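What the coordinates show
Listed here are the chains, written in short residue letters.
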Amino acid sequence: MSLVLTTDSVPDLDKVAYWNEAVSRTLVPVSVAPRGDGPFRGRIATRRLGYLQVSTLEADAERLSRTPALIGPSAEALVAVGLQMSGTATFLHDGRRAEVGEGDLVVYDTTRPYSFDHPLRHVQHVFQLPRRALGVPDPDVREVTGRVIGTANGFGAVLLPFLTALATSTDRHPPAVTNRLAGNVVDLFATLIAEQLHPGGTDADTTRAHLLLRVREHIDRNLGDPDLSPESIARRHRISIRYLHRLFEGEGITVGRLIQQRRLEECGRELARRGRTAPTVSAVAQRWGFVSPAHFSRAFRAAYGVSPREWRGLRADQDRTGRPPAGTPTPAARLETV
């Protein structure tokens, strides 16, 4: 259901103040300065699709400014995509000045100052979402903010009819559908940003590969941390959990499964070492991030086919005889079958 705020029934002297409050409350705090002399007219309609907010602003000539004083230290990090449906605007953001025309897209970050100067009456759709949900590194977002993205060709041409239909639709969907729809829109925005940064695609693939390598290195360095999880990894790399899982779609393993596999491999290696004072099984499990000894034993048996103690004994036999006991699976062979 849409929330609609309009100046139609507001006294002329109060229209600008009402509009300033309506836009600030619906989107983010801004300062509104009308550019005409007559009574100001404005209308904003908003609805939510999960964590995605879709708004349509229709107003007379105005200047909307998001200043440092209006941002504040506790402002939620949001990314917005504006689609200019009618009228024009001069857009200032991150030191860039852009002239926005009908059908143009702009990306902006609400934690940094920006302004829209509309010389005439205009209509604009605004798609606003939490920064963390986008799953794109901060430098990449900053690189595209303040640019005008045309919709005559490229990926913008694909997005234009979809975003227009999404903003004007009045269909009501159950939460499961709206959440999935929001996720699809976010994926499209991430693709749009990637296209702007790397039109040829090769650099985008290289960036993904480098990020994937950093994630794998982070996992290897932090196997002993019991709090290591997809959530903590996404936080550390400033990407969304959704984007983290997308990184691993072509890897043949999930993030959570990779963490457990690497922990079990290190436990298996340590249990196989001979020494005068061999650590206990529970000490090895704890060293490599397993909180529950029972869970460790179950996971180890599922991966290796034997218990941790049996594994230690089998490896000790191998050291004495120089060959593995008949029928003993290797760690890699067992792990590949799980």
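1. Re helix α6 (residues 175-197)
Compared with an ideal rise of 1.5 Å per residue, which puts 23 residues at 33 Å, α6 spans 33 Å between its outermost C-alpha atoms and is within 8% of the ideal. Among all positions of α6, only T178, A182, G183, V185, V186, D187, F189, A190, L192, I193 and L197 are buried.

2. Details of the packing of aromatic side chains
Under the counting rule described, the total for this entry stands at 12 aromatic pairs. Aromatic pair F91 and Y108: ring centres 5.8 Å apart, planes at 65 degrees, arrangement edge-to-face. Of the two residues, F91 sits in strand β7 (residues 89-93) while Y108 sits in strand β9 (residues 105-109), which places them 17 residues apart along the sequence. Residues Y108 and F116 carry aromatic rings whose centres are separated by 5.3 Å and whose planes lie at 70 degrees to one another, so their mutual orientation is edge-to-face.

3. Points about the sheet that holds β7
The strand order across the open sheet formed by five strands is β2-β5-β10-β7-β8, and the pairing between neighbours is antiparallel. Every interior strand has two partners, whereas the edge strands, β2 (31-34) and β8 (96-100), have only one. When the angles between neighbouring strand axes are averaged without regard to direction, this sheet yields 15 degrees. Packed onto the sheet, helix α1 (residues 15-26) meets β2 and β5 (62-66) and runs at close to 145 degrees relative to β2.

4. A few points about unusual backbone geometry
Even without being a glycine, D94 presents a positive backbone phi close to 55 degrees. Note on placement: D94 falls in the loop between β7 and β8.

About the criteria used
Residues numbered from 1 in each chain as written. Predicted model: local features only at pLDDT ≥ 70, side-chain atom pairs only at ≥ 80, totals over all residues. Heavy atoms only, no water. Helix = DSSP H or I, 4+ residues; strand = E, 2+ residues; numbered from the N terminus. Expected span 1.5 Å × (residues − 1). Buried < 20%, exposed > 50% of the residue type's maximum accessible area, 1.4 Å probe, protein only. Phe/Tyr/Trp six-rings, centres within 6.5 Å; stacked < 30°, edge-to-face > 60°. Pairing = 2+ DSSP bridges. Axes fitted to C-alpha atoms, helices over the stretch in contact; angles between N-to-C directions. Contact = heavy atoms within 4.5 Å.

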